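# Coordinate inspection notes
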Amino acid sequence: MTYMDYVETQIRRYGFGIPIYTNKLAENTATEFHLSDKDASAAVSVAIKRIMDNKNVPELRFFQKGIYYRTKATPFGETGINFETLIADKYLVEDNGYETGYALLYRMGLTTQIPADRVIATNRAKDCIRKDKTLGVFIRPPKIKINAKNRHYLQTLDAIELVDKAPIDAERPYALIADHIQNNKLKYVKLLSLAGKHYNQNTVLTLARIAGARSWQ
């Protein structure tokens, strides 16, 4: 099997719209053919160019450098790449981030107003909020580095921090957040510790009020 045959086989295994990353193809190719990373990357680049030029995979489309996808014809035109997967791959996977902002409050049922923008707290962000124009989301750095153990805690505290600033129209917002804490098996002691160290005093006070809305262990 040639490099091109192997890469083509790999590409055909992807579902329509799923991002195809050339670095992942190169990683697989390096393993399969016992190549160095550099040689595998070069082989994949040549293979994809030939596949595209020869239309070996007619539905293969270029998205941006290093990213391709397979499209599918519909009555409304070709399907595009899956942006949710792109966002997750870039900012959320391996517990690197979480959704925050007013979209989080909407998802929690605290507001019925659909936000115009999405905000992602992620370790991939630098020292300020900015917009990823390609993916259409704002990204910002978290209060502290996100990991598997603190991700849900930080996300919940972000929601609490926003409660007094957002257009909340739920009848019992504190009870809703208390339910969220209980359903996700979060510990009040850890929430309070993180709030005291990394959030403002208003967040700490709101958390205390929420604790009074529902008791849990």
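Details of the structure are given in the entry above.
It should be emphasised that the depicted structure is a prediction, and the values quoted were computed from it without experimental measurement. (Residues numbered from 1 in each chain as written. Predicted model: local features only at pLDDT ≥ 70, side-chain atom pairs only at ≥ 80, totals over all residues. Heavy atoms only, no water.)

Once that is clear, we can look at the overall build of the chain. Per the secondary structure count, the chain includes 9 helices and 9 strands. In terms of overall dimensions, the chain is more spread out than a globule: its C-alpha atoms have a radius of gyration of 22 Å, far above the 17 Å expected for 217 residues. With the C-alpha coordinates aligned to their principal axes, the bounding extent of the chain is approximately 65 × 45 × 30 Å. Buried residues in the chain amount to 40% of all 217 residues. Sequence separation of 24 or more characterises 58% of the internal contacts of the chain that already satisfy a separation of 6 or more. (Helix = DSSP H or I, 4+ residues; strand = E, 2+ residues; numbered from the N terminus. Rg over C-alpha atoms; globule rule 2.2 N^0.38 Å. Buried < 20%, exposed > 50% of the residue type's maximum accessible area, 1.4 Å probe, protein only. Contact = heavy atoms within 4.5 Å.)

What follows is about the sheet that holds strand β3 (residues 67-70). Strand order across the open sheet formed by 3 strands is β1-β3-β2, with antiparallel pairing between neighbours. This sheet does not close on itself; its edge strands, each paired only once, are β1 (20-21) and β2 (60-64). Bridge analysis of β1 against β3 gives 2 bridges, and the strand direction is antiparallel. Paired with Ile20 across the bridge in β3 is Tyr68. In the packing of helix α3 (residues 37-54) onto the sheet, the strands contacted are β2 and β3, and the crossing angle to β2 comes to about 125 degrees. (Pairing = 2+ DSSP bridges. Axes fitted to C-alpha atoms, helices over the stretch in contact; angles between N-to-C directions.)

Leu157, Ile177 and Leu191 are the most contacted members of the largest nonpolar core, which totals 26 residues. Counting only elements with at least two residues in this core, the list comes to α5 (102-107), α6 (151-162), α7 (173-183), α8 (188-198) and α9 (201-213). No other element matches α6, which puts 6 residues into this core. Val7, Ala30, Ala40 and Ala47 belong to the second-largest nonpolar core, a separate cluster that totals 16 residues. (Core = buried A, V, L, I, M, F, W, Y, C linked by side-chain atoms within 4.5 Å.)

All right, on to the packing of helix α2 (residues 22-33) against α3 then. Close contact between α2 and α3 brings their axes to 8 Å; oriented N to C, the two are set at 120 degrees. When the axes of α2 and α3 are compared, the pair comes out oblique. Note that α2 runs across α3; the crossing there is right-handed. Contacts between α2 and α3 involve Thr22, Leu25, Ala26, Thr29 and Ala30 from the first element and Asp37, Ala40, Ser41, Val44 and Ile48 from the second. Residues belonging to the contact of α2 with α3 are distributed by class as follows: 6 nonpolar, 3 polar and 1 charged. (Parallel < 35°, antiparallel > 145°, perpendicular 65-115°, else oblique. Left-handed = near helix turned anticlockwise from the far one by under 90°. Nonpolar A, V, L, I, M, F, W, Y, C, P; charged D, E, K, R; others polar.)

Looking now at the pattern of salt bridges. Applying the stated criterion to the full structure yields 11 salt bridges. Two residues, Asp53 and Lys49, come together in a salt bridge whose shortest N-O distance is 2.8 Å. You can see Asp53 and its partner Lys49 sitting in helix α3, 4 residues apart, about one turn around the helix. According to the relative accessible area criterion, Lys49 is exposed, its value standing at 54%. (Salt bridge = Lys/Arg side-chain N within 4 Å of Asp/Glu carboxyl O.)

Taken together, the 4 strands give an open sheet; going across it, the order is β6-β7-β9-β8, and neighbouring strands pair in mixed fashion. If you trace the sheet from one side to the other, it starts and ends with β6 (97-100) and β8 (130-132), each paired once. Along the sheet, successive strands turn relative to each other by an average axial angle of 35 degrees, direction set aside. Note: β6 against strand β7 (residues 119-122), 4 bridges, orientation antiparallel. By the bridge assignment for β7, Tyr98 is matched with Ala121. α6 contacts β6 and β9 (137-140) of the sheet and is inclined by roughly 20 degrees relative to β6.

It is worth spelling out the packing of α6 against α8 at this point. Contact geometry for α6 and α8: axes closest at 10 Å, N-to-C directions at 65 degrees. Compared by their axis directions, α6 and α8 come out roughly perpendicular. Helix-helix and strand crossings are classified by hand; for α6 and α8 the assignment is right-handed. Only Lys190, Leu191, Leu194 and Ala195 of α8 make contact with α6, whose side of the interface consists of Tyr153, Thr156 and Leu157. Grouping the constituent residues of the contact of α6 with α8 by class yields 5 nonpolar, 1 polar and 1 charged.

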